[in-house]
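# Close look at the chain arrangement
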Amino acid sequence: MTADANGLSLMRVSAERDRCVGSGQCALLSPEVFDQDADGLVTLLSEEPAEELREQVAQAADLCPSRSIRVHD
Amino acid sequence: MTQSADAVAGTEAPPVRFPLRRTCPFAEPPEYAGLRADAPVSRAALKVNGKPAWLVTRHEHVRQVLGDSRVSSNLKLPGYPHQFHIPEELLAQVRLMMLNMDPPEHTAHRRMLIPEFTARRVRELRPRIQQIVDEHVDAMLAAGGPVDLVTALALPVPSLVICELLGVPYEDHARFEEWSAALMNHDLSPQEYGAAVQALDTYLDQLVTLKENEPGDDLISRFLEKNRTEQVADHTDVVTMARLMLVGGHETTANMIALGVLALLEHPEQMAELRADPALLPNAVEELLRVFSISDAGTARVAVADIEVGDVTIRAGEGILALNNAADHDESVFPDPDTLDIHRKEARSHLAFGYGVHQCIGANLARAELEAVYGTLLRRVPGLRLAAPVEELRFKDDAMVYGVYELPVTW
């Protein structure tokens with residue numbers, strides 16, 4: 001687990017473009033963190049999103065049909 | 001003969017015969033709850049031919065099966081659980097649709113189409129979808145009630161949307177609806193089924209040839225353009241892809257439009273809440289998708305290696321039906337699953353669009369259409385009500401995709 005200067009845990013997100021099937025659920029659920037590139041595949045807008053986005057990022061990871069999104073604490 | 005085939009043929013308790021019927025349009029088939037509790041991965045015999053298949057009924061297991069690369073969607077493999085009769089000779093020569101391909105072939109085909117259905121593209125289509133919905137609601141209001149909502153709105157809206165996307169002339173729509181319905185009908189003879197496939201393919205063949213010669217601003221033309229460099233598909237593959245987009249893009253959404261409206265009419269308090277607060281609409285759409293899970297058995301698979309699902313080993317070559325309607329009524333994920341609740345916070349976890357690499361590519365387009373139709377009816381037709389007793393409605397109990405044949409409404 002990583003922590004910032006205030007001792008708060010940071011969330012790190014990764015997305016595997018090669019696995020992505022372009023469902024676009026992540027881009028709908030968490031548009032500040034995920035987008036779809038010109039090919040419609042996942043692209044990350046933020047690798048360390050703000051803590052208040054944790055719930056939507058976790059939901060995007062859970063609902064991803066190709067399990068392309070991982071949240072690392 | 002395999003062990004599972006013997007068991008189905010034989011000596012133990014008679015197996016479940018699949019498909020099972022919904023006895024209430026708002027609930028799953030009554031046997032599913034017992035299966036989830038006592039035999040979440042269980043053997044069944046297919047009604048169409050008596051052959052064995054595994055029924056998978058828990059949410060967790062359905063996701064597991066549909067996300068497993070050792071499970072194939074190829075309907076030509078022995079053991080694939082067909083639910084309607086396809087003559088052997090037709091099966092041998094049929095070109096695989098994308099939903100029956102496996103990676104890496106599937107990946108190449110799907111990637112040609114993904115840009116057509118991104119969140120952004122669907123957002124751009126919303127104004128045109130709204131226009132189409134408004135035109136049909138205008139016509140409905142002008143004609144006066146009672147009308148059949150299926151023919152007035154539910155079928156023409158998605159049909160027009162997908163046809164515009166593909167570049168199919170609207171004047172050909174009536175024929176498409178007929179063929180599409182035929183392809184979803186369990187009761188057709190092999191000859192009738194074959195004739196419907198043939199008629200649709202002949203038409204689409206001509207359409208693709210037209211796009212090859214005179215490209216337009218449409219999905220088929222863009223697919224052909226990309227294919228010039230990618231070389232993923234031949235002419236027949238493009239025709240097959242066009243058929244999948246058409247059939248998948250309109251009957252399913254049409255059924256959800258009619259069923260969703262019916263469900264809201266039968267839950268007037270929730271309908272009033274939605275009318276008062278349209279921001280509730282997206283979650284209501286998810287909940288309606290969950291409750292009906294109209295393409296319950298659309299996720300047929302065959303194992304290509306031995307896999308463990310729960311306490312069961314499914315052997316290579318055995319057929320699997322990963323039932324999304326059963327998964328979407330799994331009480332461990334959706335408490336009080338038979339109750340429609342537009343506020344349900346976990347509604348979006350439904351598997352009505354499937355899961356895994358084959359999850360419906362048009363899911364976000366369908367969501368946009370459903371929001372537009374439900375939202376417009378709520379806003380513009382506040383007095384909407386059924387014009388026939390709900391007991392008299394005829395539901396598509398024997399079709400591959402659940403729905404209601406007619407929905408008489410007035411206002």
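Our structure's up above, just so we're on the same page.
The structure contained in this document is the topic of the report that follows. From a predicted model like this one, the values you see are computed outputs, not experimental measurements.

## Here we look at unusual backbone geometry
Residues and elements named next belong to chain B. Following F18, the chain continues into P19 via a peptide bond in cis, with omega recorded as 5°. Following G145, the chain continues to P146 via a peptide bond in cis, the omega torsion being 0°. Here P146 shows up in the loop between α6 (119–143) and β5 (147–148). For Q231, which is not glycine, the phi dihedral falls at a positive 55°. Positive phi, close to 50°, is recorded for D336, a residue that is not glycine.

## Let's talk about the nonpolar core
Residues and elements named next belong to chain B. V56, A242, I320 and L321 are the most contacted members of the largest nonpolar core, which has 130 residues in total. For this core, the leading source of residues is helix α12 (residues 235–266), giving 16 residues. Ignoring anything within four residues of it in the chain, the contact list for I320 reads A53, W54, V56, V65, V71, R301, V302, A303 and I314.

## Quick word on the packing of helix α10 (residues 190–213) of chain B against helix α11 (residues 219–230) of chain B
What describes two packed helices is the angle between their axes and the distance between those same axes. All names here are of chain B. At a minimum axis separation of 9 Å, α10 and α11 run at an interaxial angle of 60°. Classified by the angle their axes make, α10 and α11 are oblique. At the point where α10 passes α11, the crossing takes the right-handed sense. Counted together, V208, K211 and E212 of α10 and I220, S221 and L224 of α11 form the full contact between these two elements. For the contact of α10 with α11, a count of residues per class yields three nonpolar, one polar and two charged.

## Some words on the interface of chain B and chain A
When the parts of a complex come together, some accessible area is lost, and that lost area is often used as the size of the interface. The interface of chain B with chain A comprises 16 residues on the first partner and 15 residues on the second. Within the residue set of the side of chain B that touches chain A, elements represented by two or more residues are α5 (105–113), α6 and α16 (363–380) of chain B. Here the side of chain B that touches chain A is built from residues that sort into six nonpolar, six polar and four charged.

Thresholds applied
- Residues numbered from 1 in each chain as written.
- Chains lettered and ligands numbered in written order.
- Predicted model: local features only at pLDDT ≥ 70, side-chain atom pairs only at ≥ 80, totals over all residues.
- Helix = DSSP H or I, 4+ residues; strand = E, 2+ residues; numbered from the N terminus.
- Core = buried A, V, L, I, M, F, W, Y, C linked by C-beta atoms within 7 Å.
- Buried ≥ 20, exposed ≤ 12 C-beta atoms within 10 Å, placed from the backbone.
- Contact = placed C-beta atoms within 7 Å.
- Axes fitted to C-alpha atoms, helices over the stretch in contact; angles between N-to-C directions.
- Parallel < 35°, antiparallel > 145°, perpendicular 65-115°, else oblique.
- Left-handed = near helix turned anticlockwise from the far one by under 90°.
- Nonpolar A, V, L, I, M, F, W, Y, C, P; charged D, E, K, R; others polar.

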